Amino acid sequence: HLGEINICSLDLDKRYLELNDARYKYISPPEAHVTTSHDVLGQPSLVWTWLNDPECRRAWWRGSDWHFDERPDGRTGQGASNHCSQSNFTENVLDWRPFTYFTVRRKRGPISLLETAELEPSAKGTRITWNHQLEAPLPGWLLRKLCGFIVAKGMKLEDNAALLEKKLAEAVVE
């Protein structure tokens, strides 16, 4: 009684998997220009907070002035951003797997630093492994050297990680 009806179908399962796979941005150690690891006191959930909350980060990242920026859906996650007014760069959250890992892009001018921070339980509490990859219009060998310089001298990651470890030890004792 309705006559001819034209229909079409779309495999939403396949599309969902494609979109979901596209969300992942994980810098693995072989892809990284620089990889560093630090064992700290505290469970991954506590360490996660200290790594991601701008107020906590200001307490251990010397010379930084982190502030929340964009918050899609009112919270931190993929698509969120933070701003460091001291260094004048923006950090965008590319991938967000709470208590496991997150990947951010810090951009300033034509250079971007991608960073995946992965948290794993360890005998001491939590092992943080940072995998850094520099994005710039330069040859690969130079990117590795420049990335090493930025992580060691610009970010002072070793010094800041030691301060993070101290702050976490104080938080665990309290």
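For the structure, check the block above.
Since the structure is predicted, the reported quantities are computational estimates derived from the model, not experimental observations. (Residues numbered from 1 in each chain as written. Predicted model: local features only at pLDDT ≥ 70, side-chain atom pairs only at ≥ 80, totals over all residues. Heavy atoms only, no water.)

1. Some thoughts on the pattern of salt bridges
So, point 1. Within this structure, the stated rule accounts for seven salt bridges.
So, point 2. A salt bridge links Arg-105 to Glu-135, with the nearest nitrogen and oxygen atoms 3.0 Å apart. Of this pair, Arg-105 sits in strand S5 (residues 101–108) while Glu-135 is found in strand S7 (residues 126–135), placing the two residues 30 residues apart along the sequence.
So, point 3. A salt bridge links Glu-115 to Arg-106, with the shortest nitrogen-to-oxygen separation between them at 3.1 Å.
So, point 4. With a relative accessible area of 3%, Glu-115 lands in the buried category.
So, point 5. Several salt bridges converge on common partners, so that one network encompasses Arg-57, Glu-91, Arg-106 and Glu-115. (Salt bridge = Lys/Arg side-chain N within 4 Å of Asp/Glu carboxyl O. Helix = DSSP H or I, 4+ residues; strand = E, 2+ residues; numbered from the N terminus. Buried < 20%, exposed > 50% of the residue type's maximum accessible area, 1.4 Å probe, protein only.)

2. Overview of the pairing of strand S4 (residues 89–97)
So, point 1. With seven of nine residues buried, S4 is to be regarded as a mostly interior element.
So, point 2. Across four bridges, strand S3 (residues 81–84) lies against S4 in antiparallel orientation. Note on S4: the bridge partner recorded for Ser-81 is Asn-92.
So, point 3. Once S3 ends, the chain turns through four residues before running back antiparallel as S4, passing Asn-88 with a positive phi of about 55°.
So, point 4. Sheet analysis places S4 next to S5, joined by seven bridges and oriented antiparallel. Its bridge partner being in S5, Trp-96 is matched across the sheet by Phe-102.
So, point 5. Counting the residues in the hairpin turn of S4 and S5 gives three residues, including Phe-99, whose phi is positive at 70°. (Pairing = 2+ DSSP bridges.)

3. Regarding unusual backbone geometry
So, point 1. The phi dihedral of Phe-99 falls on the positive side, at around 70°, and the residue is not glycine.
So, point 2. Mapped onto the elements of the fold, Phe-99 is located in the loop between S4 and S5.
So, point 3. For Lys-156, which is not glycine, the phi torsion reads 50° and is therefore positive.
So, point 4. For Lys-156, a relative accessible area of 45% corresponds to the partly exposed category.

4. Digging into the side chain of His-132
So, point 1. With respect to the helices and strands, His-132 occurs in strand S7.
So, point 2. Side chain to side chain, His-132 and Glu-115 meet in a polar contact 3.4 Å long.
So, point 3. Among all residues touching His-132, those that are not within four sequence positions of it are Ala-32, His-33, Val-34, Thr-36, Leu-113, Leu-114, Glu-115, Cys-147, Val-151, Met-155 and Leu-157. (Polar contact = N/O pair within 3.5 Å; in protein donor to acceptor, adjacent residues only side chain to side chain. Contact = heavy atoms within 4.5 Å.)

5. Notes on empty space enclosed by the protein
So, point 1. Across all of its chains, the model carries one cavity of 30 Å³ or more by this definition.
So, point 2. Approximately 70 Å³ is the volume found for the largest cavity.
So, point 3. For the largest cavity, the full set of lining residues is Leu-51, Arg-57, Trp-60, Trp-61, Phe-102, Arg-106, Glu-115, Ala-117, Trp-130, Met-155 and Leu-157.
So, point 4. Taken together, the elements giving at least two residues each to the lining of the largest cavity come down to helix H3 (54–60), S5 and strand S6 (111–121). (1 Å grid on protein atoms, 1.4 Å probe; cavity = no way out; pocket = protein on both sides within 12 Å on 5 of 7 lines; lining within 4 Å. Points joined across faces, edges and corners; volume = space filled by probe spheres on them.)

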